[in-house]
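# Overview (structure and organization)
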Amino acid sequence: MLVGANVGSPADATSAAAEGADLVGLVRTEFLFLDRAAAPDVDEQEAAYRALAIALGGKRMTLRTIDVGGDKPLPYLPLPAEANPFLGLRGIRLAAAFPELLADQLLAAVRVAHDAPISVMFPMVTTLDELVVARRALDAAIAREGRGTPPGLEVGIMVEVPAAALKAAAFVPHVDFFSIGTNDLTQYALAAERGNPAVAAVADPLDPGVLRLVDSVCRAAGERVLVAVCGEAAADPLAARLLVGLGVRELSVAAPAVAGVKQVVREVDAAQAANQAAAALTATGPAEVRRADAVQARPELRTPADSSSS
Ligand code: PEP
Ligand code: MG
């Protein structure tokens, strides 16, 4: 079981290393693109990714390609105003609409990948066509650099769209890993906008509907394709246990949470976690998932109702 850190700045990479993360499971590369008048060029991006790799001292780093949209406008991209930016031109859709942006980013990633273990990850993938186009862009970047495929380069997608989770098998031949973004997957599965306090109670990653999507990804992935989770849910001890029980093999969390998650996964009993996860998939809601966990930890809490529902 791997425990990684999520990184959204150069300082985060230093913290990831200091906290003993096994790897960086998510670099939110947006930090390089926001709040400026022009996009960073290939050299600037290469220098930034190289600095992160150096801070990580040889540990793998998962570079997510630019994941912005109408909710985080970039002054140098002519983006249309959208009524529902979370459902609009964002993530890989935006990269496909501005191919030179993706091409430059991938070239910078490929250059660094010749010297450090790099995974490239595409965000918000919904259709196989999007992945095929993105992989072609990566192949073009490798050809543009002209030194062959970097030896440690791995390629994956974020699974954040419910349809992608349900048809994960279609992506399997084209990826080395899936990384489930539970922040977005939860908002899309439950139609509850992330960060909106009015619907925060609905947007619960322990909702069995969300867990079933995670289960779908794990079952499609098989042995070869690693399934990670890099959403905030991975830092919650109960969610972490359930994710392990469903077959997730890497959890990536904010650097300060790494040690705690390592402790949680060290204490997981695999068979018990698998049983608990299987029960959670058919629970009536997140409250029942939490209650079953509380009863498992403290059997004296058990009531006749618990016996009849288990
Ligand atoms: C996610 O959606 O769970 C995720 C990790 O990506 P972000 O929070 O950057 O959208
Ligand atoms: Mg996301």
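Residues numbered from 1 in each chain as written. Chains lettered and ligands numbered in written order. Predicted model: local features only at pLDDT ≥ 70, side-chain atom pairs only at ≥ 80, totals over all residues. Heavy atoms only, no water.

### Remarks on the nonpolar core
With 97 residues, the main nonpolar core has Met61, Phe122, Ile157, Phe178 and Leu251 as its most contacted residues. At 9 residues, helix 4 (residues 99-113) tops the list of elements feeding residues into this core. Those residues in contact with Phe122 that sit more than four places away from it in its chain are Thr65, Ile92, Leu102, Leu106, Leu131, Ala134, Arg135, Val155, Gly156, Ile157 and Met158. Counting residues in hydrophobic clusters, the runner-up holds 7 residues, among them Met121, Met158, Ala228 and Cys230. (Core = buried A, V, L, I, M, F, W, Y, C linked by side-chain atoms within 4.5 Å. Buried < 20%, exposed > 50% of the residue type's maximum accessible area, 1.4 Å probe, protein only. Helix = DSSP H or I, 4+ residues; strand = E, 2+ residues; numbered from the N terminus. Contact = heavy atoms within 4.5 Å.)

### Comments concerning the site of ligand 1
Taken together, Leu26, Arg28, Arg64, Met158, Glu160, Gly181, Thr182, Asn183, Asp184, Arg194, Cys230 and Gly231 form the complete shell of residues around ligand 1. Within the backbone of Thr182, an N or O atom sits 3.1 Å from an oxygen atom of ligand 1. For ligand 1, the protein covers 95% of the area, taking 290 Å² as the surface of the free molecule. When residues of the shell around ligand 1 are traced back to their parent elements, those giving at least two are strand 2 (23-28) and helix 8 (182-190). It is helix 8 that contributes the most residues to the shell around ligand 1, 3 residues altogether. (Near = heavy atom within 4 Å. Polar contact = N/O pair within 3.5 Å; in protein donor to acceptor, adjacent residues only side chain to side chain. Areas by Shrake-Rupley, 256 points an atom, 1.4 Å probe, with all protein chains shown as cover.)

### Describing the coordination of the magnesium ion (ligand 2)
Only Glu160 (OE) and Asp184 (OD) from the protein reach the magnesium ion (ligand 2) as donors, at distances of 2.0 to 2.1 Å. Here Glu160 is found in the loop between strand 5 (154-159) and helix 6 (162-166), whereas its partner Asp184 is found in helix 8, with 24 residues between them in sequence. On the basis of relative accessible area, Glu160 is assigned to the buried category, the value being 2%. For Asp184, a relative accessible area of 2% translates into the label buried. (Donors = N, O, S within 2.8 Å, 3.2 Å for Na, K, Ca; no water.)

### A look at the sheet that holds strand 8 (residues 250-254)
If you walk around this closed barrel you meet the 8 strands as 1-2-3-4-5-6-7-8, and the pairing is parallel. In this sheet, neighbouring strand axes are inclined to one another by 25 degrees on average, regardless of whether the strands run parallel or antiparallel. Where strand 2 lies against strand 3 (residues 61-64), 3 bridges are found, and the strand directions are parallel. The residue bridging Val27 from the neighbouring strand is Leu63, located in strand 3. (Pairing = 2+ DSSP bridges. Axes fitted to C-alpha atoms, helices over the stretch in contact; angles between N-to-C directions.)

### Some remarks on the pattern of salt bridges
Using the criterion set out here, one finds 17 salt bridges in the structure. In this structure, Asp43 engages Arg111 in a salt bridge whose closest nitrogen and oxygen atoms are separated by 3.1 Å. Placement of Asp43 in helix 2 (residues 42-56) and of Arg111 in helix 4 is noted, with a sequence separation of 68 residues between them. Salt-bridge contacts for Asp184 lead to Arg194; the nearest nitrogen and oxygen are separated by 3.0 Å. With a gap of 10 residues between them, Asp184 in helix 8 and Arg194 in the loop between helix 8 and helix 9 (208-221) connect regions that are remote in the sequence. The structure contains a network of salt bridges with shared partners spanning Asp43, Glu46, Arg50, Arg111, Asp115, Glu145 and Arg147. (Salt bridge = Lys/Arg side-chain N within 4 Å of Asp/Glu carboxyl O.)

### Remarks on unusual backbone geometry
We note that Asp35 has phi near 55 degrees; this positive angle belongs to a residue other than glycine. With respect to the secondary-structure elements, Asp35 resides in the loop between strand 2 and helix 2. Even without being glycine, Met124 reaches a positive phi, approximately 60 degrees. Within the secondary structure, Met124 is located in the loop between strand 4 (118-122) and helix 5 (128-145). Look at Met124 and you get buried, because its relative accessible area is 1%.

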